[in-house]
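# Examining the three-dimensional arrangement
The lines below spell out each chain.
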Amino acid sequence: MIVKMKKVFIVTTASLSDAALDALGELGVIHVEPVDPSASLPEQIQSRHSRIHQAIQIISTVEPSDEPISGDIDPESAADEILEIFHRLRENRNRLAELHRQAEKLTLWGNLRREQLDALSAAGLTVRFYAIRPEEISSISAQCVVQLATLSDKRVMVGVAQRQGEPTVPDEAEELIPPERDLPSIRQEAQQVDQSITRDSNRLRELAHLTEALNRRERELALELEFAKVHASALK
């Protein structure tokens, strides 16, 4: 049975508006609509126009791909995708630069992986790394001593392994703590980020074929916006 509805106005403070709407929604017996649905129309069109304009600024610097874009894509949907790709590219490029900085600091450790050290530890081997003067290597007492690299301060880096107990090293030896993250894993992530950048860059080149359609839609929205502003002012 269809029950006749009554129109009511509810006044609340701005801070309680969300709670009021939630409470009204839970009742399930009313239909809520703004006092003037057209009041926000210029703002909505302005937002759409702004997004199109931003997308055009981005895509105008991109050289179109050799092959035309496939499929029928709405200009506003294309604009949303362009903006999404642009922000993702910026984040990924920043991330790639940070990974390169991290990798430069880990060149001393080469391709050593954390899981390798964990496996040795699980097998009962104590593995330590030290910076030491070359002439002091012979004073290290351990089951295995390997010189790994030459450091910039004329010291060398040695790896020491001992199955039982701790190795004996000179007091002047400086222990080097392996990084929490190893170089191979950083390189792997950098490769994945670089591949994502390539995919997004190629997609932008495809979307660059829609520049004319985007410009046309921007002009249409500009006219719609002017009309909506005039209409809204006439209603005041």
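The notes below deal with the structure included here. Positions within a chain are numbered from 1, following the residues in the order the chain's sequence is written. Local features are withheld for residues below a pLDDT of 70 in this predicted model, meaning they are given only at 70 or higher, and side-chain atom pairs are given and counted only at 80 or more; totals for whole chains, interfaces and linings count all residues. Hydrogens and waters are ignored; side-chain quantities use all the structure's heavy atoms.

What follows is about the side chain of Ser-196. By secondary structure assignment, the location of Ser-196 is in helix H5 (residues 183-207). Here a polar contact is recorded for every N or O atom pair within 3.5 Å, except that within protein the pair must consist of a potential hydrogen donor and a potential acceptor, and residues adjacent in sequence are included only if both atoms are side-chain atoms. Engagement of the side chain of Ser-196 in a polar contact is seen with the side chain of Asn-92, the distance being 3.2 Å. Counting from the N terminus, the helices are the DSSP runs of H or I reaching at least four residues and the strands are the DSSP runs of E reaching at least two.

The next subject is the nonpolar core. Taken as a class, soluble globular proteins show a tendency for nonpolar side chains to be buried jointly. Ranked by size, the top nonpolar core spans 39 residues in total, and within it Ile-59, Ile-82, Met-157, Leu-204, Leu-207 and Leu-214 carry the most contacts. For this core, the element with the most residues is helix H3 (residues 75-105), which contributes 9 residues. The contact criterion used throughout is that any non-hydrogen atoms of two residues lie within 4.5 Å. In contact with Ile-82, not counting residues within four places along its chain, are Ala-55, Ile-58, Ile-59, Leu-204, Leu-207 and Leu-214. The criterion is simple. A nonpolar core is a set of buried Ala, Val, Leu, Ile, Met, Phe, Trp, Tyr and Cys residues joined through side-chain atoms within 4.5 Å. Buried, partly exposed and exposed residues are distinguished by accessible area as a fraction of the type maximum, computed with a 1.4 Å probe on protein chains only: under 20%, between the cut-offs, and over 50%, respectively.

Our focus in this paragraph is unusual backbone geometry. Backbone phi values are negative for most residues with the exception of glycine, while trans is the configuration of most peptide bonds. Of note in the backbone geometry, Lys-154 takes a positive phi value of approximately 70 degrees without being a glycine. Mapped onto the secondary structure, Lys-154 falls in the loop between strand E2 (144-150) and strand E3 (156-162).

Before going further, it helps to spend a moment on the pattern of salt bridges. We define a salt bridge as a side-chain nitrogen of Lys or Arg found within 4 Å of a carboxyl oxygen belonging to Asp or Glu. Throughout the structure, instances matching the rule amount to 20 salt bridges. The residue Arg-203 makes a salt bridge to Glu-206 at a minimum N-O spacing of 2.8 Å. Here Arg-203 pairs with Glu-206, and both are found in helix H5, just 3 residues apart, close to one helical turn. Accessibility expressed as a relative area gives 23% for Arg-203, which makes it partly exposed. Between Arg-216 and Glu-212 there is a salt bridge, with its nearest N and O atoms 3.9 Å apart. With a gap of 4 residues between them, Arg-216 and Glu-212 both fall in helix H6 (residues 211-235), about one helical turn apart. Residue class for Arg-216 comes out partly exposed when judged on its relative accessible area of 40%. Since its relative accessible area comes to 59%, Glu-212 is described here as exposed.

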